[in-house]
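Structural characterization, general
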Amino acid sequence: MTTQNKKKRILVTYMEAGFGHITTANSIADAIEALHDPNIEVIREYMFSESPVLRKTEKRYIKDVKIANTFPWYNRIQMAATHILGIHNSLPFVVSTVFRHTRKAYLNKLKQIRPDIIIDTHYLTSFLSVQYRDKVDSHVKVVTYNPDNNVHNWWNIRVDKFIVNCRMAFDDALKHDFARNKLMIVPFVTRKEIMDVTEDKSYYRTKYDLPQDRFTVMVAAGGYGKSGMARVVKALLTRVKQPITLIAICGKNKVLYNHLQRIKATVPSHIDLRPYEFVNTVYELNRASDMFITKGGPNAMLDSVLMGVPVGVFYCASHIEKMSTFLFTYILNCGRFLPRANQIVEWVNSCAGDSTILDFFIRNTRAIREAGNGANDIAKFIQTYDVE
């Protein structure tokens, strides 16, 4: 610390661009606060919530995520654009032109907070934090946790510490010119509540008034409920022959939620349809399920795996999600990639008829849970990280 009696001010930044970044930031902040260190002050800041310029930027990112969740070609174009000026030059160019007012507003906000350490979970906030360190306050340390399972061109190699959650991302970071001594691997970062779950499926089926004796399938597609989720739900409702409970997490997609509520009474009698809107404790519904059908969001898959529930991935909105799907389904063997509706229906019919098919995947989820919560590792690192 800079002085003996001064608390170390730890800023954890929040930005909505999908919900994985927010969930991860919360998990890290919670873990640091759980240390009860009197020499640390944790500041949680929604960086884009006040200034009109910053709100406009965040809304633009939210719109981009929703478009990518609908049209996979959109993100492919974005990723291709990161190579145009060289892998380390495209984001600085975008920030200095398209987001020049965003940069000014963001740096002004950091000047008001005066942090000693900044923890980011999104590439844009990470880049702007480095700008603040270089232009305003050189004593600040910038620590970035990458919640994805790979590394792309817009992560800033000039951070003080870049933390990843798997060897695949570590190797990818080296390929993107990160200095080895700046890298750190921790287990997957998740919420403390998830790691604290000890109750079995029966407990949560009782809590949510779900049938105890039916094979239970949960379907979701991120917080926005897009990515062809309606197509998947329709295929399951019309083509699954086995008796199942079908949990549909529609997130903020009110159109889909209202539609499913309207047709709930008319679906085949062997399917018990349970639509939900956005659910903060969605991991409990994961735990109540036998299988989770989802898009390739890394945090959504992680929650399910930590609940001991295999995943079936039907859509990848980006290269990031493709790599996360590759990790969870092909390397860690915690589920399957099922891009076509007939594949999903076939897997559900097979597993509902013989749930032991899932035993192989369930066994593989246990090792991930046993590795622990990477948020605790990050908290301990921050606690001993000197600011000079």
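The following refers to the structure shown.

What counts, and where the lines are drawn
Residues numbered from 1 in each chain as written. Predicted model: local features only at pLDDT ≥ 70, side-chain atom pairs only at ≥ 80, totals over all residues. Heavy atoms only, no water. Pairing = 2+ DSSP bridges. Helix = DSSP H or I, 4+ residues; strand = E, 2+ residues; numbered from the N terminus. Axes fitted to C-alpha atoms, helices over the stretch in contact; angles between N-to-C directions. Core = buried A, V, L, I, M, F, W, Y, C linked by side-chain atoms within 4.5 Å. Buried < 20%, exposed > 50% of the residue type's maximum accessible area, 1.4 Å probe, protein only. Contact = heavy atoms within 4.5 Å. Phe/Tyr/Trp six-rings, centres within 6.5 Å; stacked < 30°, edge-to-face > 60°.

1. Describing the sheet that holds strand E3 (residues 117–120)
Within the open sheet, the six strands sit side by side as E2-E1-E3-E4-E5-E6. Their pairing is parallel. Looking at which strands have only one partner, the edges of the open sheet turn out to be strand E2 (40–46) and strand E6 (183–185). Averaged over all pairs of adjacent strands, the angle between strand axes in this sheet comes to 20°, irrespective of strand direction. Where strand E1 (residues 8–14) and E3 come together, three bridges link them in parallel fashion. What sits directly across from Ile10, in E3, is Ile117.

2. Concerning the nonpolar core
Core analysis: the largest hydrophobic core is formed by 68 residues, its most contacted members being Leu124, Phe162, Phe178, Ile249, Tyr276 and Leu285. With six residues, helix H6 (residues 123–135) is the single largest residue contributor to this core. Discounting chain neighbours no more than four positions away, the residues touching Leu124 are Met15, Phe48, Thr57, Tyr61 and Val95. Membership of the second largest hydrophobic core comes to 35 residues, among which are Met229, Val345, Leu358 and Phe361.

3. What to know about the environment of Phe381
Within the element layout of this structure, Phe381 appears in helix H17 (residues 374–384). Judged by its relative accessible area of 16%, Phe381 is buried. In the structure, Phe381 is positioned 43 residues away from Leu338 in sequence and 39 Å away in space, judged by C-alpha atoms. Residues contacting Phe381, with those up to four places away along its chain left out, are Val143, Lys161 and Met184.

4. A few points about the environment of Glu33
Structurally, Glu33 is set in helix H1 (residues 20–33). Measuring from C-alpha to C-alpha, the distance between Glu33 and Thr190 comes to 15 Å, with 157 residues separating the pair along the chain.

5. Notes on the packing of aromatic side chains
Under the definition given, this model contains 13 aromatic pairs. Arranged with centres 6.5 Å apart and planes meeting at 80°, the rings of Tyr208 and Tyr276 form a pair that is edge-to-face. With Tyr208 in the loop between helix H9 (201–207) and strand E7 (215–220) and Tyr276 in strand E9 (residues 271–276), this residue pair connects regions lying 68 residues apart in the sequence. On the accessibility criterion, Tyr208 (16% relative accessible area) is buried. Ring centres of Phe360 and Phe361 lie 5.3 Å apart, and the angle between their planes is 70°; this geometry places the pair in the edge-to-face category. With relative accessibility at 40%, the residue Phe360 sits in the partly exposed group. Members of the aromatic cluster, connected to one another through ring pairs, are Tyr123, Trp154, Trp155, Phe162 and Phe178.

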